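A structural walkthrough
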Amino acid sequence: MSVAIKDDEIDIVIGAVRSDLTSFLNEWRPMFSRFHLIIVKDPDLKEELKIPEGFNLDVYEKPYMDRVVGSSTSVLFSGYACRYFGYLVSRKKYIISIDDDCLPARDPKGFVVDAVSHHITNLTTPATPFFFNTLYDPFAEGSDFVRGYPFSLRSGVKCALSCGLWLNLGDYDAPTQALKAKQRNSRYVDAVMTVPAGSLVPISGINIAFDREVLGPALVPALKLAGEGKFRWETMEDIWSGLCVKVVCDHLGLGVKTGLPYVWRTDRGDPIASLKKEWEGVKLMEEVVPFFQSVRLPREATTVEDCVVEVANAAKERLGSTDPVFARAAKAMLDWVNLWKSVGYISSSSSAV
């Protein structure tokens, strides 16, 4: 039931927040070298990028980004949100996006995890959002549908998004309200599952793959915090984007998978200081989650662009008066849809310097 994906149908998008990508790309060379890479440099990064030879890639920097996006949009590509510019200019059917502080992981037996192959497998096998399979992914090797699973649903639906997980390199404690909780993920679960329809999931942009032709405009850099930083605890744009994606997928009958593949992620920055920066976003989530849980898209919204516009309008109407950050997010979503439509014909073969 799977479909084949050719190497030339995939772009690997890397948001470069640090200048020296030598060790990062060399570690990933066995998995990346077959594919075209899009590297987007954080517009705020002043140093020249250091990139090893031997890769088929295009690099996009601030001058080119400014020419493409212009000054009339509220969409910002600062920090790891620069990855979204890569999504915008890619002309490939599928995108795999991995942050520059991630390295290939090893499974419990010590074997290197081929994240690219795992993402491709997730995208090329059906998803099962409308009835939960207790053996997780029934299309995985050695698995099957459980007793009682309706035969009418066993063909599944198209998987539009694969959300890989990560294991943390480094350890620290961070306060969550009055409770000190361990914030290090070190558990490797050898499984893939479809997120059920109607359930939200805080998708992170750290390690994902998606069908750009089907879902692209729904991955939108919209929610920006005041004084937002660049590290894990300092941004919320991918959380908002992920919630939007899940609502759109549920409405259009598309699947979202999570679990494998894992990557190693190095924590950077001061977690306490970073959490203080994110505290505005932590409070906002008490408004954001109920909103996305209750938002309903009209039947007339039959395209991803239509869905994003509907979510943006609902956010402006229902959340805009509670905090100006939501009104700005709604405008950024509308601007993003317009960008997606206008930039869709720009060739990604022109590197920027």
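This structure is a prediction, so every number in the text was calculated from the model and none was measured. (Residues numbered from 1 in each chain as written. Predicted model: local features only at pLDDT ≥ 70, side-chain atom pairs only at ≥ 80, totals over all residues. Heavy atoms only, no water.)

Here we come to the packing of helix α8 (residues 304-319) against helix α9 (residues 324-343). Look at α8 against α9: their axes get within 8 Å of each other, and the N-to-C directions meet at 165 degrees. The angle between α8 and α9 places the two elements in the roughly antiparallel class. Crossing angle aside, the handedness with which α8 passes α9 is left-handed. Contacts between α8 and α9 involve E305, V308, V309, V311, A312, N313, A315, K316 and L319 on the former and, on the latter, F326, A330, M333, L334, V337, W340 and K341. (Axes fitted to C-alpha atoms, helices over the stretch in contact; angles between N-to-C directions. Helix = DSSP H or I, 4+ residues; strand = E, 2+ residues; numbered from the N terminus. Parallel < 35°, antiparallel > 145°, perpendicular 65-115°, else oblique. Left-handed = near helix turned anticlockwise from the far one by under 90°. Contact = heavy atoms within 4.5 Å.)

Each neighbour pair has its own omega, and for L260 with P261 the value is 10 degrees, a cis peptide bond. Its place among the elements puts P261 in strand β11 (residues 255-266). In this model, Y136 sits at a positive phi of 65 degrees, which is unusual for a non-glycine residue. Counting through the fold element by element, Y136 comes out in the loop between α4 (115-124) and β6 (159-169).

In contact at an axis separation of 10 Å, helix α6 (residues 237-252) and α8 are set at 125 degrees when each is read in the N-to-C sense. By the angle between their axes, α6 is oblique relative to α8. With respect to the hand of their crossing, α6 and α8 are arranged in right-handed fashion. Contacts from W240, C244, V248, H251 and L252 in α6 reach V304, C307, V308, V311, A315 and L319 in α8. Broken down by class, the residue content of the contact of α6 with α8 amounts to 10 nonpolar, 1 polar and no charged. (Nonpolar A, V, L, I, M, F, W, Y, C, P; charged D, E, K, R; others polar.)

On to the side chain of D100, then. Locating D100 in the fold gives a position in the loop between β4 (94-98) and β5 (102-104). Overall, D100 belongs to the buried group, its relative accessible area being 0%. Among the polar contacts listed, one links the side chain of D100 to the side chain of Y80, at a separation of 2.4 Å. (Buried < 20%, exposed > 50% of the residue type's maximum accessible area, 1.4 Å probe, protein only. Polar contact = N/O pair within 3.5 Å; in protein donor to acceptor, adjacent residues only side chain to side chain.)

So, about the packing of aromatic side chains. Under the criterion given, the structure shown has 18 aromatic pairs. Ring centres 5.3 Å apart and planes at 65 degrees place the aromatic pair Y84 and Y87 in the edge-to-face group. Taken as a pair, Y84 and Y87 lie in helix α3 (residues 83-89) at a separation of 3 residues, close to a single helical turn. Under the relative-accessibility criterion, Y87 is labelled buried at 0%. Within the aromatic cluster, the residues linked to one another by ring pairs are Y60, Y64, F77, Y84, F85, Y87, F210, W336 and W340. When the ring centre of F151 is taken as reference, the NZ or CZ atom of R154 above it lies at 3.9 Å. (Phe/Tyr/Trp six-rings, centres within 6.5 Å; stacked < 30°, edge-to-face > 60°. Lys NZ or Arg CZ within 6 Å of the ring centre and 35° of its normal.)

What follows deals with α8. Under the 1.5 Å per step criterion, the end-to-end length of α8 is 22 Å for 16 residues, consistent within 8% with the ideal 22 Å. Restricting attention to buried positions, one finds in α8 the residues V304, C307, V308, V311, A312, A314, A315 and L319. Down the axis of α8, the sector holding all buried residues measures 165 degrees, keeping them to one side. Exposed side chains of α8 directed beyond 90 degrees from the buried face belong to K316 and E317. (Expected span 1.5 Å × (residues − 1). Arc of directions from axis to C-beta.)

What follows covers the pairing of β11. Burial runs high along β11: 10 of the 12 residues are buried. Pairing analysis gives 3 bridges linking β5 to β11, with the strands arranged antiparallel. Of the residues in β11, the one forming a bridge with C102 is R265. Where strand β9 (residues 192-194) meets β11, 3 bridges bridge the pair, whose relative direction is antiparallel. Looking across to β11, one finds that M193 is bridged to T258. (Pairing = 2+ DSSP bridges.)

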